[in-house]
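Architecture at a glance
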Amino acid sequence: MLKPLKKAVMPVAGMGTRFLPATKAIAKEMLPVVDRPLIQYAVDEARAAGIEQFCFVTGRGKMAIVEHFDVHFELERMLEERGKAKELAELRAQALPPGSVTTTRQQVPMGLGHAIWAARSFIGDDPFAILLPDDLMMCDVSCTRQLADAYQETGGNVVAIEEVPRDRVNKYGVIDIEKDMGRLVSVKGLVEKPPIDQAPSNLTIIGRYVLMPEVIAHLAKMELGAGGEVQLTDGMAKLLGHQPFHGLRYEGRRFDCGDKVGFLEAQIAFALKRPELAPQVREFLAKYR
Ligand code: G1P
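Below is a summary of the structure that appears in this document. (Residues numbered from 1 in each chain as written. Predicted model: local features only at pLDDT ≥ 70, side-chain atom pairs only at ≥ 80, totals over all residues. Heavy atoms only, no water.)

Some details on the overall build of the protein
- Secondary structure assignment for the protein yields 11 helices and 13 strands.
- Its C-alpha atoms give the protein a radius of gyration of 19 Å, within 12% of the compact-globule value 19 Å for 289 residues.
- Taken along its principal axes, the extent of the C-alpha atoms in the protein is 60 × 50 × 40 Å.
- Out of the 289 residues belonging to the protein, those deemed buried represent 48%.
- Taking as baseline every contact in the protein between residues at least 6 positions apart, the subset at least 24 positions apart corresponds to 76%.
- Of the roughly 14,700 Å² of accessible surface on the protein, a fraction of 53% belongs to carbon and sulfur atoms.
- Here the protein carries 37 positive and 38 negative side-chain charges, and the mean point of each set is 3 Å from the other. (Helix = DSSP H or I, 4+ residues; strand = E, 2+ residues; numbered from the N terminus. Rg over C-alpha atoms; globule rule 2.2 N^0.38 Å. Buried < 20%, exposed > 50% of the residue type's maximum accessible area, 1.4 Å probe, protein only. Contact = heavy atoms within 4.5 Å. Areas by Shrake-Rupley, 256 points an atom, 1.4 Å probe, with all protein chains shown as cover. Lys, Arg positive; Asp, Glu negative; His and termini not counted. Charge placed at Lys NZ, Arg CZ, Asp CG, Glu CD.)

Take a look at the structure:
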C-alpha cells in the first residue's frame, strides 16, 4: 500500500530580484495573474490533487502569503452587508481549513535543496509534493493531480518534465533517460543546469515534484552544486537506483512567471481563458499587432 499524498511544500523565500522594484515591499508570489496571486494558483492546483497540508518555506517580508489564506472577518462582513455574494463565495472557497497551513523559515538563501530541507519537520516520513509557484500551470487536469496519479501507478518519485529547445537546457534540471515509455520516462541520471553540450537530453524538470522523504537525508549533507547552492536535483539524484524515479510528460502548459515575458504571456493566456474578459482582451490585443 502506497502512503497517500497529502502534503505539499512551497518554497517562497526567494527575493524576486528580477521583478524589482515591484517586489521591493511585496512577495513575488503575491503578484497577480489577472486577479489572483501566483501562490493561489499553486495552492488551488495542489488542492485539486487532494493535498490537505501546506508548508510555505518563507523568509523576511513574506507574511502576506500566509495572511492571504486566512479568514478576513471584517472583509467578509463588509461584503455580506453590501450584498456582494459572488465575491464573498470566492473568498470563502479560497480559505484553507484551520490548521492546514504551516510555515518554516529558510533564513539563509542557500538554494532550492536547502529550502526543501528546511521543511523536514513538516515532511516527516511522508511522501510530499513540491510546487514552485513561479511555474504557473495551465492544465485541464491539475498538474499536481497528474503527478499524484502517476505516483499511484509507479510508486516512488515522480517529477513533471517537458522538452525544451537544446539551447535552453542549461537553465533547468535535466534528466538522463533510462527507458522512454511515452508519457512516463524512467530516470537513470539527473543533472542541474548542465552546460548545453553536456546535457544528457533536452527533457527538463519543471517546478512540480512528488518525492519520497528519503531525499531529506541527502539534502542534509549540504553539498553545494550548480551556482554554489544546495540543489534539489543533486539530492534527488542520490535516490536513483534505490527507489523508483520517473519523469512524467504532463499535459498542459507552463508559464515561467519568474521571467518578465513569461509573466506577461501568462496574463494574456489566463485572461483569454476567462469568458467575461476574453472578448475585450482580444479586441485590445489587435491594436498591438
Ligand atoms: C529550479 C530547479 C530546476 C528546475 C526549475 C524549474 O531552478 O533547480 O531543476 O528545472 O526550478 O522551474 P530555478 O528556476 O529555481 O533556477
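Focus: the packing of aromatic side chains
- Scanning the entire structure with this criterion turns up four aromatic pairs.
- Plain terms: the ring middles of Phe 255 and Phe 270 are 5.8 Å apart, the flat faces sit at 65 degrees to each other, and that makes the pair edge-to-face. Taken together, the positions of Phe 255 in strand E13 (residues 253-256) and Phe 270 in helix H10 (residues 260-272) put the pair 15 residues apart, joining distant regions of the chain. For the pair shown, Phe 255 and Phe 270 are each scored as buried.
- Chaining the aromatic ring pairs together yields one cluster made of Tyr 41, Phe 255 and Phe 270.
- Its end group placed over the ring of Phe 122, Lys 7 keeps NZ or CZ at 5.4 Å from the ring centre.
- Across the ring face of Trp 117, the terminal group of Arg 120 is positioned such that the distance to the ring centre comes to 3.8 Å. (Phe/Tyr/Trp six-rings, centres within 6.5 Å; stacked < 30°, edge-to-face > 60°. Lys NZ or Arg CZ within 6 Å of the ring centre and 35° of its normal.)

Focus on unusual backbone geometry
- The linkage connecting Leu 20 with the following residue, Pro 21, adopts the cis geometry, with an omega of 5 degrees.
- Here Pro 21 lies in the loop between strand E1 (7-11) and strand E2 (32-33).
- Notably, Gln 107 is not glycine yet its phi reads approximately 65 degrees, a positive angle.
- By the element assignment, Gln 107 lies in the loop between strand E5 (101-105) and helix H5 (112-117).

Quick look at the nonpolar core
- By size, the foremost hydrophobic cluster in this structure holds 33 residues, and its most contacted members are Met 10, Ile 39, Val 43, Phe 54 and Phe 56.
- Counting only elements with at least two residues in this core, the list comes to E1, helix H1 (38-47), strand E4 (53-58), strand E6 (128-131), helix H7 (143-154), strand E8 (157-163) and strand E11 (203-211).
- Per-element accounting of this core gives the leading share, five residues, to H7.
- Those residues within four positions of Ile 39 in sequence are excluded, and the remaining contacts are Met 10, Val 12, Glu 29, Met 30, Phe 56, Ile 65, Phe 69 and Pro 133.
- Ile 123, Val 215, Ile 216 and Leu 219 belong to the second largest nonpolar core, which has 31 residues in total. (Core = buried A, V, L, I, M, F, W, Y, C linked by side-chain atoms within 4.5 Å.)

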